[in-house]
Structures are given as structure tokens and as C-alpha cells.
Amino acid sequence: MKVLVINSGSSSIKYRLYDESNPTPLVRGAVSRIGQTGSTLDYTSYAEHQCLSVAAPTHEAGLRLLVDSLLDERLGVVRDVREIGAVGHRAVHGGSAFRGSVLIDDAVIRKMEECVPLAPLHNPPNLVGIRAARKILPHAEQVAVFDTAFHSTMPAKAFLYALPYEYYERYGIRRYGFHGTSYRYVLARSCEILRCKPSDVRMIVAHLGNGSSMVAIDQGRSIDTSMGLTPLEGLMMGSRSGDIDPGVIFHLRRELGMGVDQIDELLNTKSGLLGVSGVSNDVRDLVEGVAAGNERCAIALDMFAYRAKKYIGAYAAALGGLDVMVFTGGIGENSALVREMICADLGFLGLELDEDRNTSTVGAEGTISADSSRVRILVVPTDEEWMIMQDTLAIVRSAAHEPKGYAHARIA
Ligand code: AMP
């Protein structure tokens, strides 16, 4: 069976087509600028890379073009559309309703619609993608894989905000956490590398990218994570502030007269590495800035590493000790410098980097701790799409119509 994995965003559909049991996709790419002028279809197979100008006024039109390209006589890798037996959808916010991946039916869609207020920017385009896929590939099973699901094991003391309890009960205001699909992949892969069972390790995974978060994993279960109701809480990020005194928001409102939308934009798109440096949200640019003597680039990187370090301390305490520390995401996988800054002086917690291993592990899997380090420190490039593919296949095969599909989908 072939499985199409799609990540449907507000103006794009990123996709990969897999042949079951092969982690290298047959085709990968994106339909971009949907609903705008200058839409494109990016298509990379083992033989071809194409970037075509297309007309994609809607997600449905974009998905149809994408399926047509998969079937194309010259470009395509699929002869009959029925070969695509399933579609796995990346779904951002499953609220409290979804504790695992599920086969999509009308009831699931209704529940996902109920989660829209929790992720007004992300869930609607996910739903648009699901509806389009059901229409264009009606024979294929559709599966939703939620970013929040992995964190459904967090205990109340970790997921509650210290607000009046009815705000949780009535309005679902609590911490949910994100990057769950990435964490499940990294957990499973790390355990393969270490030849251990998830149940045997206390692990922290730092997913450091443009969006960054961290998770504390005990016996294979998320017990705490740094993102909250939305992906704004926690670590400093590319353009998101991460943790901030909520009093700052009142101050911005009362003293600077800023509107709610303006503050939302400030904290989500103008803060973080970009806001502090005034240069860029990209670590590579900041490293160049530091080399050129730009102090604010240096402060931004220092803050990024310091805040990550504080979370490692907190999560080591929450776990009652630490066995494995894993870095993933664009920064975690590629920036030896940031990893070094984060791990510096954490010897008292048992983390000791090996300098050569760290600097030589860029964009690749590897152990970067010294042989004498009590904690194994790994770099594991994440692969969320492959995780979605595995869940999709497992759920379709078990024909699970309930969230128990999640259990089938774990790689452990
Ligand atoms: P992600 O959101 O996981 O794709 O990560 C994207 C971010 O990773 C970029 O904004 C950069 O900050 C960072 N990044 C990517 N490649 C490198 C690299 N070679 N060195 C340092 N940082 C990198």
C-alpha cells in the first residue's frame, strides 16, 4: 500500500508519498501559496525535482494537482489512484478529546471542529486538508495524527495552570503541549540506538527549531513539556517569546495602548531570537552576527541557551534524575555551538559533551556525550512524517475506530 502524508497549513500543503515499510519517501514536496498569486507545486522524487507554476485557488484544487502529478505518465510514481490506500494527516491540536491517532469519520471531524478555538490558526487548515482528501481520494482511509496526543499522559500537576479550576473544566484552559509526533519518533529511535526499552529510561528531548520545546519522558510517557495551551509558552524560539510574565501583556495594553491582536503578533512573530537580536530568527545569521561583533546577536543566543539549560534542570528534577538527553529539530540537529552552550556546566547533572563528537555531528544521528558522561547525549534528526505514516498504516491495518489506534502505532 502507498500512504500519502499531508500537512495542510493556511496557504500550503506539504506532502510525502510512502511505499509501506520504506522510510525514504517516493515523492516529497509542497503545494505553496494556495489561494494567492504565484502558486507552485514542488515535486521531488528519486528521479526528478520540479517546481511548477500552477493555479491553486483552494486547498482542494492544490491537492487535486498534487494527486494528478503523482499519477502523471512522465513524472508520476503511481499508476492507479487506488494504490494510495491511506492518507495520514498532521493535526495540530487534539485538545483533551484525542489521546492518540484516529481513523477519521464524521464524528472525528466534529470533535476536531470543537478544538478549533484552541488552535484557531492551525486546526482550520488541517480540517480543510482532511475534507479535500476525503473528496479527492474517497477510497482511501484517512487518519489524523495529533501533535498534542503524546502529552495526554501528563499528570494534572503538570498540565493545569494555577487559575480557578472551572477555567479548565468549563473552557479547557490547560497545558496541552506540542511536537508530540516528533517526540514519539525521537523516543523510539533513541531507544533503538541505545538498545533499551522506553520503560527503562528517564529522557529529556529538546526539539529546537524555529518553534522550540522540551519534554520530560518517564517510562516512555510525557510527564511534562514546555509548550502550553498554545505553542507560545516555554523556551525562547525563532520569533516567539516563550515564557513571559503575563503582567507584561497588561502593561503593553494599559501603558502602550496595544490591542490584543497586536500583542499576539508581537509575542508570536516579532520576539524570540528575532526580537532580541533585531537581526534574524535564524541561528546561522546570529552566529555570523556574533562573528561580526554584534552584541545583541550574542545576547539572543545566550538567552536561548540559558533558558533551555534551565528547563533541563527543571525536568531532571521532575524526572528524579536523567539517563538520556536528546537534541532534535533544525537547531538541535545542526548547531553544535548551541548544544555546547546548553550543556556547558551541566556536569553536576551528569551531562558531559565530547567536543569532537559534538562538532562532527551536524544534521546526522550520533552520540555526542563523552564516554565518562553519566547521561547519554544524542542527536537524532526527527522524522514526523514517517511517524505519521507508521501510525496511519497501523491504524488502517487494525481498522481501529477508536483512539486505541495510538497504542498500535507506537514503535517502542
Ligand atoms: P526547524 O524549524 O526545525 O526547521 O528549524 C529551523 C531552524 O534551524 C533555522 O531557523 C535555524 O535557526 C536552524 N538551523 C538550520 N540549519 C542550521 C545550521 N546548519 N546551523 C545552525 N542552525 C541551523
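Analysis parameters
- Residues numbered from 1 in each chain as written.
- Predicted model: local features only at pLDDT ≥ 70, side-chain atom pairs only at ≥ 80, totals over all residues.
- Heavy atoms only, no water.
- Helix = DSSP H or I, 4+ residues; strand = E, 2+ residues; numbered from the N terminus.
- Rg over C-alpha atoms; globule rule 2.2 N^0.38 Å.
- Buried < 20%, exposed > 50% of the residue type's maximum accessible area, 1.4 Å probe, protein only.
- Contact = heavy atoms within 4.5 Å.
- Expected span 1.5 Å × (residues − 1).
- Polar contact = N/O pair within 3.5 Å; in protein donor to acceptor, adjacent residues only side chain to side chain.
- Axes fitted to C-alpha atoms, helices over the stretch in contact; angles between N-to-C directions.
- Parallel < 35°, antiparallel > 145°, perpendicular 65-115°, else oblique.
- Near = heavy atom within 4 Å.
- Areas by Shrake-Rupley, 256 points an atom, 1.4 Å probe, with all protein chains shown as cover.
- Nonpolar A, V, L, I, M, F, W, Y, C, P; charged D, E, K, R; others polar.

Asker: Can you tell me about the overall build of the protein chain, naming the residues and giving the values?
Answerer: Per the secondary structure count, the protein chain includes 16 helices and 14 strands. Computed over its C-alpha atoms, the radius of gyration of the protein chain comes to 21 Å, within 12% of the 22 Å expected for a compact globule of 412 residues. Considering only C-alpha atoms, the protein chain reaches an extent of 60 × 55 × 50 Å along its principal axes. Looking at the 412 residues of the protein chain, the share that counts as buried comes to 51%. Pairs at least 24 residues apart make up 63% of the contacts formed inside the protein chain by residues separated by at least 6 positions.

Asker: Kindly report on helix 11 (residues 295–319), identifying the contributing residues and their values.
Answerer: Look at helix 11: 36 Å from first C-alpha to last across 25 residues, which is about the 36 Å you get at 1.5 Å a residue. Looking at where helix 11 begins, the residue whose side-chain oxygen comes 2.9 Å from the main-chain nitrogen of R296 is N294.

Asker: Tell me about the packing of helix 6 (residues 180–194) against helix 15 (residues 384–398), and name the residues and values.
Answerer: Where helix 6 contacts helix 15, the two axes come as close as 8 Å, and the packing angle between them is 85°. The angle between helix 6 and helix 15 falls in the class roughly perpendicular. Across from T181, S182, R184 and Y185 in helix 6, the residues of helix 15 making contact are E384, W386, M387, I388 and D391.

Asker: Account for the site of the ligand, with residues named and values stated.
Answerer: If you check the shell around the ligand, you find G209, N210, D282, V283, R284, G329, G330, I331, N334 and S335 and nothing else. Isolated, the ligand exposes 510 Å² of accessible area, and the fraction of that covered by the protein chains is 70%. Where the shell around the ligand is concerned, the elements lending two or more residues are helix 10 (283–291) and helix 12 (329–334). Looking at which element gives the most residues to the shell around the ligand, the answer is helix 12, with 4 residues. The residue inventory of the shell around the ligand, partitioned by class, reads 2 nonpolar, 6 polar and 2 charged.

Scope: geometric values only; no functional claims are made or implied.
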